[in-house]
Amino acid sequence: MRVRGRLTWGRRARAGAVVTALLAGVLPPAVVLAPGAATAGAAAGTPVCQVRDDRLREISGMVATDEGYVVINDGADDEARRRIFFLDQRCAVARTVSFPSRPRDTEDLAIGRDGTVWVADIGDNDRSRPTVGVWRLAPGAKQPVLHRMTYPDRPHDAEALLLDASGRPLIVTKGGSGTVFLYAPATALRSDVTTPLTALGQVTVPSTTTSNPFSFLGRGVITGAASAPDGRRVVLRSYADAFEYDVPDGDVVRALTTGTPRITPLPDEPQGESITYSRDGRSLLTVSESAGQPAGTRSTILRYPATASTATAAPSTESVDPVSPTAVRPAAGEIGGRAGRTWPLALGAGTLLFLLGLAGVLWWRHTARR
């Protein structure tokens, strides 16, 4: 979804995937016309530090550590960029860790309470991968270990990863209309077998009007996720906003599927796909890709105040078994469910023509300038 600059194959594929979703009806007219809770003109984040290493032009995942930050690129074609990068507090690269084999499409990071770094190799723009994976880098390990997984229904494009109270990875699909799905391993992960995933439920995030480079398209997809250091909050982000959920009892799935999020606008980030909490949990930190931006543009970590939490109970530390799919409860800001939205018949034809025209313009803008 890049307008200016040279487009890589991955970027053209992502642009095509969005347009395809639009034409297929994944993005309904309600996304275009429904009013939102967060508005354009919201305050921008405060710069923390600038990433100046040229290998980090497509940052798609980030976690904060006591020493600084860990980041990854988004499925870079260049071998030098296919690494796990450890940054100091000034955003300078302190060290890197290479993968023992080539990852497919790394999209997000999560960090366990023991310091284990989890890399989500879950991107699938064409929705054609037979398996996805997570790479697990234990503290002190020289290389990460790959764990392959397979969806129980069909391939999904995903860009967000969370860990539950037991350290189990949770995949959040990218979606398209503000509704996303949660999946987790059905059994313990092993490096020598492909582990089946199980569906845990779905989440509908609020509609907003926050300004972003992709207009309504950018508000309806989830591009990153993170857990607060104390485990009492989690956040999902789109290209436009951050949605924070309280996790008072350690049940991340229940928090996401039944909770009401608090919204922090992230206005006009060039291509915001990363989010994490600061180590003290008081701030949300984000970073955008800089590829395709004007010459000299560098990825900058931005700080936003985290919203006030109402959680009071400490999270459970006990292991939890996979849960059954949870019923959908739309979050605050939705005007009923998708099935409950009604539109005048006369408006329908005009809306369809508008969407078709917009899709054509978007596709031309993203493919003509490469």
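Residues numbered from 1 in each chain as written. Predicted model: local features only at pLDDT ≥ 70, side-chain atom pairs only at ≥ 80, totals over all residues. Heavy atoms only, no water.

### Points about the overall build of the chain
If you tally the helices and strands in the chain, you get five helices and 20 strands. Within the chain, the fraction of its 370 residues that count as buried is 52%. The contacts of the chain with a sequence gap of at least 6 include a subset with a gap of at least 24, amounting to 60%. (Helix = DSSP H or I, 4+ residues; strand = E, 2+ residues; numbered from the N terminus. Buried < 20%, exposed > 50% of the residue type's maximum accessible area, 1.4 Å probe, protein only. Contact = heavy atoms within 4.5 Å.)

### Structural notes on the pairing of strand β16 (residues 241–246)
In terms of residue burial, β16 counts as a mostly covered element, since six of its six residues are buried. Both faces of β16 are covered, namely the face carrying D241, F243 and Y245 and the face carrying A242, E244 and D246. By the bridge criterion, five bridges tie strand β15 (residues 233–237) to β16 in an arrangement that is antiparallel. Across the sheet, the residue bridging to L236 is F243, located in β16. Where β15 hands over to β16, the hairpin turn is made up of three residues, counted between the paired strands. Relative to strand β17 (residues 262–265), β16 runs antiparallel, the two being bridged by four bridges. Bridge assignment links D241 to a residue of β17, and that residue is P265. (Pairing = 2+ DSSP bridges.)

### Some points on the nonpolar core
In terms of nonpolar packing, the biggest core is built from 21 residues, with L162, V172, V203, L236, Y245 and L256 touching the most fellow members. If you list the elements that add at least two residues to this core, you get β10 (158–163), β11 (169–173), β12 (179–185), β13 (195–204), β15, β16 and α4 (252–258). Setting aside anything within four residues of it in sequence, one finds V172 in contact with A158, E159, A160, L162, V180, F181, L182, I222 and L236. (Core = buried A, V, L, I, M, F, W, Y, C linked by side-chain atoms within 4.5 Å.)

### Observations regarding the confidence of the model for the chain
Looking at the chain, pLDDT values average 80 and 72% of them are 70 or higher. Counting interchain partners and residues more than four positions distant, the pLDDT-below-50 stretch residues 17–37 has 47 contacts. (pLDDT = per-residue confidence, 0-100.)

### Digging into the side chain of E107
Its location among the elements puts E107 in the loop between β5 (93–98) and β6 (108–111). E107 sits in the buried class, given a relative accessible area of 0%. Residues in contact with E107, not counting those within four places in the same chain, are S60, G61, I72, D74, A120, I122, G123, A158, E159 and E273.

### Quick notes on the packing of aromatic side chains
Two aromatic rings, taken as a pair, are described by how far apart their centres are and by the angle between their planes. Inspection of the entire model under this criterion finds three aromatic pairs. Judged by centre distance (5.0 Å) and plane angle (65 degrees), the ring pair of F99 and W135 falls under edge-to-face. With F99 in the loop between β5 and β6 and W135 in strand β8 (residues 132–137), the pair connects residues that are 36 residues apart, well separated along the chain. Summarising the aromatic geometry, the rings of Y151 and Y183 are spaced 4.9 Å apart at their centres and angled 80 degrees between planes, so their arrangement reads as edge-to-face. Highlighted residues: Y151 in the loop between β9 (145–150) and β10 and Y183 in strand β12, separated in sequence by 32 residues. Here Y151 matches Y183 in class, with each residue buried. The aromatic ring of F86 is capped on one face by R95, whose charged end is 3.8 Å from the ring centroid. (Phe/Tyr/Trp six-rings, centres within 6.5 Å; stacked < 30°, edge-to-face > 60°. Lys NZ or Arg CZ within 6 Å of the ring centre and 35° of its normal.)

### Focus: the sheet that holds strand β19 (residues 283–288)
The four strands are arranged β1-β20-β19-β18 in an open sheet whose pairing can be described as antiparallel. With partners counted over all chains shown, the strands left at the sheet margins are β1 (46–51) and β18 (272–277), one partner each. Averaged over all pairs of adjacent strands, the angle between strand axes in this sheet comes to 25 degrees, irrespective of strand direction. Of the pairings in the sheet, the one linking β18 to β19 comprises five bridges and is antiparallel in character. (Axes fitted to C-alpha atoms, helices over the stretch in contact; angles between N-to-C directions.)

### Some details on the pattern of salt bridges
Enumeration according to the criterion identifies 15 salt bridges in this entry. Put simply, R55 and D53 hold a salt bridge, and the shortest N to O gap is 2.9 Å. Judged by its relative accessible area of 26%, R55 falls in the partly exposed class. By relative accessible area, D53 is classed as partly exposed at 21%. D66 serves as the salt-bridge partner of R279, at 3.1 Å between the closest nitrogen and oxygen. Taken as a pair, R279 in the loop between β18 and β19 and D66 in the loop between β2 (59–64) and β3 (68–73) lie far apart in primary sequence, 213 residues in all. What makes R279 partly exposed here is its relative accessible area of 41%. The exposed category is assigned to D66, whose relative accessible area is 53%. In the salt-bridge network here, residues are joined through shared partners; they are D249, D251 and R254. (Salt bridge = Lys/Arg side-chain N within 4 Å of Asp/Glu carboxyl O.)

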